[in-house]
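Here is what each chain is made of, one letter per residue.
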Amino acid sequence: MSDHAVLHVKGRVLAGPEDVRDELWVVGGRISYDRPAGARDVRTVEGWALPGLVDAHCHVGLDAHGPVDAATAEKQALTDRGAGTLLIRDAGSPSDTRWIDDRDDLPKIVRAGRHIARTRRYIRNYAWEIEPEDLVAYVAQEARRGDGWVKLVGDWIDRGLGDLAPCWPREAVEAAIAEAHRLGARVTAHCFAESSLRDLVEAGIDCVEHATGLTDDLVPLFAERGVAIVPTLVNIATFPRLAAGGDEKFPRWSAHMRRLHERRYDTVRGAYDAGVPVYVGTDAGGSLAHGLVAAEVAELVTAGIPPVEAVSATTWGARAWLGRPGLEEGAPADLVVYEADPRADVRVLAAPRRVVLRGHVVE
């Protein structure tokens, strides 16, 4: 489609969970609900239109071994685009992917800088590995480098204990989160276990990734503080395999990982029922493939979240949470068109009919 062409999307346009319109127009790469006068060179796309999907925990520029080259990062981003993911919160990456911002054909990325982890307490080649006395300085550094987010590693296996354990003392995270907030950044943390959560939430954290350790006594605290979770259930599905690999050396850790996996759906449903905000994230780019956003929405439904709320967790709700527009008048035309209503069956999300990015039909 040329820069002067007009795109006409008609059928059903889901501007909100219950805000269904008959059509929209794309003029100059932006959305309009008014028919443009004298429009020529009009391309029509029919179906059920949604805002471009959001993967709120994704790693472009990263694989299981660390940073990747630009060609590999581009392939990752294109795979996400093909799945309808047009907005990514990159939840930690050692790669500099700023060059993606200059590409109109690649998803938009909201970066959280590089992971900040305790020394020798995370995956090799991923994070800044530091001690608590340096946490504030590194959080300030990543807050300035990121796009409004900072990512901590809240817990990881402590080989001395043979189990998951918190990475940071309470006073360190309090000071670090306060510094991030002073600089205008929100803070999220990788957390598998139970033991790090209270300190992080009471210290003012904004989001927790995975949150498999969320227990009944902690759920009200999350709800009261408005702390969001991004469960990454497609990643939690790998826990039994991980546990099997640690049975001999770290049996306590392995048993813990299996327990977290077994109650994963109850954990997510309990959080949702209590009013904890839940968003879609796949954790792609480490050991997981990109393009799994539809599978994660389906997992949220399996956990007991109503389909329309699971769709919102990757569309209207997720975009509002990240401060990015959906299908509002004048917004950039980032949208995905489907054969049927995904609110009725979220499996529809696995097969986009058309993907429109910045007003151009790219898939």
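To start, this report covers the structure provided alongside it. (Residues numbered from 1 in each chain as written. Predicted model: local features only at pLDDT ≥ 70, side-chain atom pairs only at ≥ 80, totals over all residues. Heavy atoms only, no water.)

Describing the packing of aromatic side chains
Stage number 1. Across all of its chains, the model carries 7 aromatic pairs by this definition.
Stage number 2. When the ring of Tyr 122 is compared with that of Tyr 126, the centres are 6.0 Å apart and the planes differ by 75°; the resulting orientation is edge-to-face.
Stage number 3. With centroids separated by 5.8 Å and ring planes inclined at 55°, the aromatic side chains of Trp 128 and Tyr 138 adopt a geometry described as tilted. With a gap of 10 residues between them, Trp 128 in strand 11 (residues 128-130) and Tyr 138 in helix 2 (residues 135-145) connect regions that are remote in the sequence. (Phe/Tyr/Trp six-rings, centres within 6.5 Å; stacked < 30°, edge-to-face > 60°. Helix = DSSP H or I, 4+ residues; strand = E, 2+ residues; numbered from the N terminus.)

Things to note about the pattern of salt bridges
Stage number 1. Counted under the stated rule, the structure contains 28 salt bridges.
Stage number 2. Put simply, Asp 217 and Arg 198 hold a salt bridge, and the shortest N to O gap is 3.8 Å. Of the two residues, Asp 217 is situated in the loop between strand 16 (207-210) and helix 5 (219-225) and Arg 198 in helix 4 (residues 197-202); the sequence distance between them amounts to 19 residues.
Stage number 3. You can call Arg 198 partly exposed: its relative accessible area is 34%.
Stage number 4. One salt-bridge network, in which partners are shared between bridges, spans Arg 170, Glu 174, Arg 198, Asp 199, Glu 202 and Asp 217. (Salt bridge = Lys/Arg side-chain N within 4 Å of Asp/Glu carboxyl O. Buried < 20%, exposed > 50% of the residue type's maximum accessible area, 1.4 Å probe, protein only.)

Let's talk about the side chain of Lys 151
Stage number 1. Relative to the helices and strands, Lys 151 resides in strand 12 (residues 149-153).
Stage number 2. For the buried residue Lys 151, which engages in no salt bridge, the nearest side chain bearing the opposite charge is Glu 209, 5.8 Å off.
Stage number 3. Of note is the side chain of Lys 151, whose polar atom sits 2.9 Å from the backbone oxygen of Ala 91.
Stage number 4. Not counting residues within four places of it along the chain, the set of residues in contact with Lys 151 comprises His 57, His 59, Ala 91, Ala 112, Arg 114, His 115, Ile 116, Thr 188, Ala 189, His 190 and Glu 209. (Lys, Arg positive; Asp, Glu negative; His and termini not counted. Polar contact = N/O pair within 3.5 Å; in protein donor to acceptor, adjacent residues only side chain to side chain. Contact = heavy atoms within 4.5 Å.)

A short note on the state of the cysteines
Stage number 1. In total, this model carries 0 disulfides according to the counting rule given.
Stage number 2. As a non-bridged cysteine, Cys 167 has Cys 191 as the owner of its nearest cysteine sulfur, 8.4 Å distant.
Stage number 3. In this model Cys 207 remains outside any disulfide bridge; the closest cysteine sulfur is found in Cys 191, 9.8 Å from its own.
Stage number 4. With relative accessibility at 0%, the residue Cys 207 sits in the buried group. (Disulfide = S-S within 2.5 Å.)

Side note on the environment of Glu 174
Stage number 1. Within the element layout of this structure, Glu 174 appears in helix 3 (residues 170-182).
Stage number 2. The class for Glu 174 is partly exposed, based on a relative accessible area of 34%.
Stage number 3. Separated by 24 residues in sequence, Glu 174 and Val 150 place their C-alpha atoms 14 Å apart.

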